[in-house]
Amino acid sequence: QVQLVESGGGLVQTGGSLRLSCVISGGGFSGIGMAWYRRAPGKQRSLAAGISSGGTLNYADAVKGRFTISRDNAKKTVYLQMNSLKTQATAVYYCNWGWGGMPGPYWGQGTQVPVSS
């Protein structure tokens, strides 16, 4: 059973930064695509950023230039660096294992990121 544990969320002011981390256990990592999704209040879950096993990056238009996804295969960890945060970024952020343009089968529990004005 693949387990994903997210951390790094919390209240931040507009213009601030946060780095989310997601540690994977119980499954492969280096050959697996990973992604961060987010669910804003009253909206469906949507892709924020994805990274393939080969390092190809994919970002939602709303976060391009401000968010950076990266991975450390030795630590089995995927990161989401979020800069210049806007109130529209307020959401629960979920780590996803097995991403390949579509969501993979395993999800983390989610970490909340409220952005205050």
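*Asks:* Give a detailed account of the packing of aromatic side chains, specifying residues and quantitative values.
*Replies:* Under the counting rule described, the total for this entry stands at 3 aromatic pairs. An angle of 70 degrees between the planes, with centres 5.1 Å apart, marks the rings of Tyr37 and Trp107 as edge-to-face. In this pair, Tyr37 is assigned in strand β4 (residues 34–39) and Trp107 in strand β10 (residues 106–107), connecting sequence segments 70 residues apart. Residue Tyr37 is classed as buried on the basis of its relative accessible area, which comes to 6%. Between the aromatic rings of Tyr94 and Trp107, the centroid separation amounts to 6.5 Å while the plane-to-plane angle is 90 degrees, which identifies the pairing as edge-to-face. Residue Tyr94 is found in strand β9 (residues 91–97), and its partner Trp107 is found in strand β10; the two are separated by 13 residues along the sequence. Judged by relative accessible area, which is 14%, Tyr94 ranks as buried. Each member of the aromatic cluster is reached from another via a ring pair, and the members are Tyr37, Tyr94 and Trp107.

*Asks:* Explain unusual backbone geometry to me, using residue names and the numbers behind them.
*Replies:* The backbone of Lys76 shows a phi angle near 50 degrees, a positive value even though the residue is not glycine. Counting through the fold element by element, Lys76 comes out in the loop between β7 (67–72) and β8 (77–82). Its identity is not glycine, yet Ser84 carries a phi of approximately 50 degrees, on the positive side. Relative to the helices and strands, Ser84 is located in the loop between β8 and β9.

*Asks:* I'd like a rundown of the nonpolar core, residues and numbers included.
*Replies:* Formed by 29 residues in total, the largest nonpolar core has its most connected members in Ile24, Met34, Trp36, Val78, Leu80, Met82 and Tyr93. With sequence-adjacent residues up to four places away left out, Met82 is seen in contact with Gly16, Ser17, Leu18, Leu20, Arg66, Phe67, Tyr93 and Val113.

So, how was this worked out
- Residues numbered from 1 in each chain as written.
- Predicted model: local features only at pLDDT ≥ 70, side-chain atom pairs only at ≥ 80, totals over all residues.
- Heavy atoms only, no water.
- Phe/Tyr/Trp six-rings, centres within 6.5 Å; stacked < 30°, edge-to-face > 60°.
- Helix = DSSP H or I, 4+ residues; strand = E, 2+ residues; numbered from the N terminus.
- Buried < 20%, exposed > 50% of the residue type's maximum accessible area, 1.4 Å probe, protein only.
- Core = buried A, V, L, I, M, F, W, Y, C linked by side-chain atoms within 4.5 Å.
- Contact = heavy atoms within 4.5 Å.

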